[in-house]
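# Report on the structure
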Amino acid sequence: GENVEQHPSTLSVQEGDSAVIKCTYSDSASNYFPWYKQELGKGPQLIIDIRSNVGEKKDQRIAVTLNKTAKHFSLHITETQPEDSAVYFCAASVPGASKIIFGSGTRLSIRP
Amino acid sequence: EAGVAQSPRYKIIEKRQSVAFWCNPISGHATLYWYQQILGQGPKLLIQFQNNGVVDDSQLPKDRFSAERLKGVDSTLKIQPAKLEDSAVYLCASSTPSGTGGYEQYFGPGTRLTVT
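Figured I'd write up the structure that's included with this text.

What counts and how
- Every chain is numbered independently, its residues counted from 1 as its sequence is written.
- Just so you know, chain letters begin at A and ligand numbers begin at 1, following the order they were written in.
- A pLDDT threshold of at least 70 governs which residues receive local features in this predicted model, and a stricter bar of 80 or more applies before side-chain atom pairs are shown or counted, although totals over entire chains, interfaces and linings include all residues.
- Side-chain descriptors were evaluated using all non-hydrogen atoms of the structure, hydrogens and water having been removed beforehand.
- Here, any two strands with at least 2 DSSP bridges between them count as paired.
- Runs of E in the DSSP output that reach at least two residues are strands. Runs of H or I that reach at least four are helices, and both are numbered from the N terminus.
- Note on definitions: angles span 0 to 180 degrees between N-to-C directions of axes, and those axes are lines fitted to C-alpha atoms, for helices only across the stretch in contact.
- Two residues qualify as a contact provided that any one of their heavy atoms is within 4.5 Å of a heavy atom in the partner residue.
- A quick way to say it: buried area is the sum, across both parts, of accessible area lost when two parts are put together, with a 1.4 Å probe.
- One side-chain nitrogen of Lys or Arg within 4 Å of one carboxyl oxygen of Asp or Glu is enough to make a salt bridge.
- We define a polar contact as two N or O atoms separated by no more than 3.5 Å, with the added condition that, inside protein, one atom must be a possible hydrogen donor and the other a possible acceptor, whereas residues neighbouring each other in sequence contribute only through side-chain atom pairs.
- Basically, the charged four are Asp, Glu, Lys and Arg, the nonpolar ten are Ala, Val, Leu, Ile, Met, Phe, Trp, Tyr, Cys and Pro, and anything else, Gly included, counts as polar.
- Each residue gets one of three labels from its accessible area relative to the maximum for its type: buried under 20%, exposed over 50%, partly exposed in between, using a 1.4 Å probe on protein chains only.
- Pairing of aromatic side chains here covers Phe, Tyr and the six-membered ring of Trp, requires ring centres within 6.5 Å, and sorts the geometry by plane angle: under 30 degrees stacked, over 60 edge-to-face, intermediate tilted.
- Joining through side-chain atoms within 4.5 Å is the link that ties buried Ala, Val, Leu, Ile, Met, Phe, Trp, Tyr and Cys residues into a set, and such a set is a nonpolar core.

## Side note on the sheet that holds strand S3 (residues 19-24) of chain B
Residue and element names in this part refer to chain B. Spatially, S1-S3-S8-S7 is the arrangement adopted by the four strands of the open sheet, whose pairing is antiparallel. With partners counted over all chains shown, the strands left at the sheet margins are strand S1 (5-7) and strand S7 (65-68), one partner each. On average, adjacent strands in this sheet sit at an angle of 15° to one another, irrespective of strand direction. Note that S7 and strand S8 (residues 75-79) share four bridges and pair antiparallel. In the strand pairing of S8, alanine 67 is matched with leucine 77.

Quick look at the structure:
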């Protein structure tokens, strides 16, 4: 079945710098890749997603890239701010099913 | 629009007791999911409903966990009897199919269960 690996597990960056989180997936037929942000005590919040017919998608300071050949996708956050501190999860769709498999998460800390 | 509602937000029980969680999805969302999130891990799917039918319950420990969505809207997840390893956050999410085949899932705040 589908498996999603996420790196790094923790990431600390200086405020204003960029942060990059990487994920790999196992099933080449996966076609939907969402990213979620989870703040303490809250449920995961969808922040951006990308489909397999697109190589890159951007929304203000957040961008996601997808490399189907290598089966990996990445989240890029530019000009990081204190409110970006949270746990980020990548996920990949399971082919033939309306469900997604999550990565293990990255705890992002923004240093002032 | 209102988001996914869950209650209670917190629950502490002793092992071997029973507990139930409630979820109200976003209006019009036919698909409802229950996830278990153990501390430090990503959410793991327990069960998926389409309207009031079960689509996937392959990861649900059926000897102690049960779930229902009788009228295709609200859902309840029950654990009976609870074990220490059931301590986790239980998340409910809902979705509706999009035109391009993705299924954007929207999560509730979760119920934090502690089993002592």
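## Focus: the interface of chain A and chain B
On the chain B side, the residues contacting the 17 residues of chain A number 23 residues. Taking both partners together, chain A and chain B bury about 1,500 Å²; carbon and sulfur atoms supply 50% of that area. Residues arginine 51 of chain A and glutamate 104 of chain B are paired through a salt bridge, measuring 2.6 Å at the closest nitrogen-oxygen approach. Run the count over chain A and chain B and you get seven residue pairs in polar contact (both at pLDDT 80 or more). At the level of elements, strand S4 (32-38), strand S5 (45-51) and strand S10 (100-102) of chain A are the ones that each hand at least two residues to the side of chain A that touches chain B. Split by residue class, the side of chain A that touches chain B holds seven nonpolar, six polar and four charged.

## A few points about the pairing of strand S9 (residues 88-95) of chain B
All names here are of chain B. Counting buried positions along S9 yields eight of eight residues, so the element is predominantly enclosed. Burial of the side chains of S9 extends over both faces: Ala88, Tyr90, Cys92 and Ser94 are buried on one face and Val89, Leu91, Ala93 and Ser95 on the other. Bridging between strand S4 (residues 31-37) and S9 involves seven bridges; their strand directions are antiparallel. Pairing of tyrosine 35 across the sheet is with leucine 91, part of S9. Of the pairings in the sheet, the one linking S9 to strand S11 (residues 111-115) comprises three bridges and is antiparallel in character. Looking at the pairing, valine 89 lines up with arginine 112 of S11. Note: S9 against strand S10 (residues 105-107), three bridges, orientation antiparallel. When the sheet's bridge partners are listed, alanine 93 is paired in S10 with phenylalanine 107.

## As for the packing of aromatic side chains
Evaluation of the coordinates by the stated rule reveals 13 aromatic pairs over all chains. Ring centres 6.0 Å apart and planes at 55° place the aromatic pair tyrosine 25 of chain A and phenylalanine 73 of chain A in the tilted group. Taken together, the residues span a long stretch of sequence, with tyrosine 25 of chain A in strand S3 (residues 19-25) and phenylalanine 73 of chain A in strand S8 (residues 72-77) at a distance of 48 residues. Across the pair, phenylalanine 73 of chain A and tyrosine 25 of chain A agree in class, each one buried. Ring centres of tyrosine 36 of chain A and phenylalanine 102 of chain A lie 5.5 Å apart, and the angle between their planes is 50°; on these two criteria the pair is classed as tilted. Remark: phenylalanine 102 of chain A occurs in strand S10 and tyrosine 36 of chain A occurs in strand S4; sequence separation between them is 66 residues. Phenylalanine 102 of chain A carries the same exposure label as tyrosine 36 of chain A, and that label is buried. Taken together, Tyr36, Phe89 and Phe102 of chain A together with Tyr33, Tyr35 and Phe107 of chain B form an aromatic cluster joined through their ring pairs.

## Remarks on the nonpolar core
Within the largest apolar cluster, 24 residues are counted, with the highest numbers of intra-cluster contacts made by Trp35, Phe73, Leu75, Tyr88 and Leu108 of chain A. Elements supplying a minimum of two residues to this core: strand S2 (10-14), S3, S4, S5, strand S7 (62-67), S8, strand S9 (86-93) and strand S11 (106-111) of chain A. Within the second largest apolar cluster, 21 residues are counted, among which are Ile47, Phe49, Ile79 and Ala82 of chain B.

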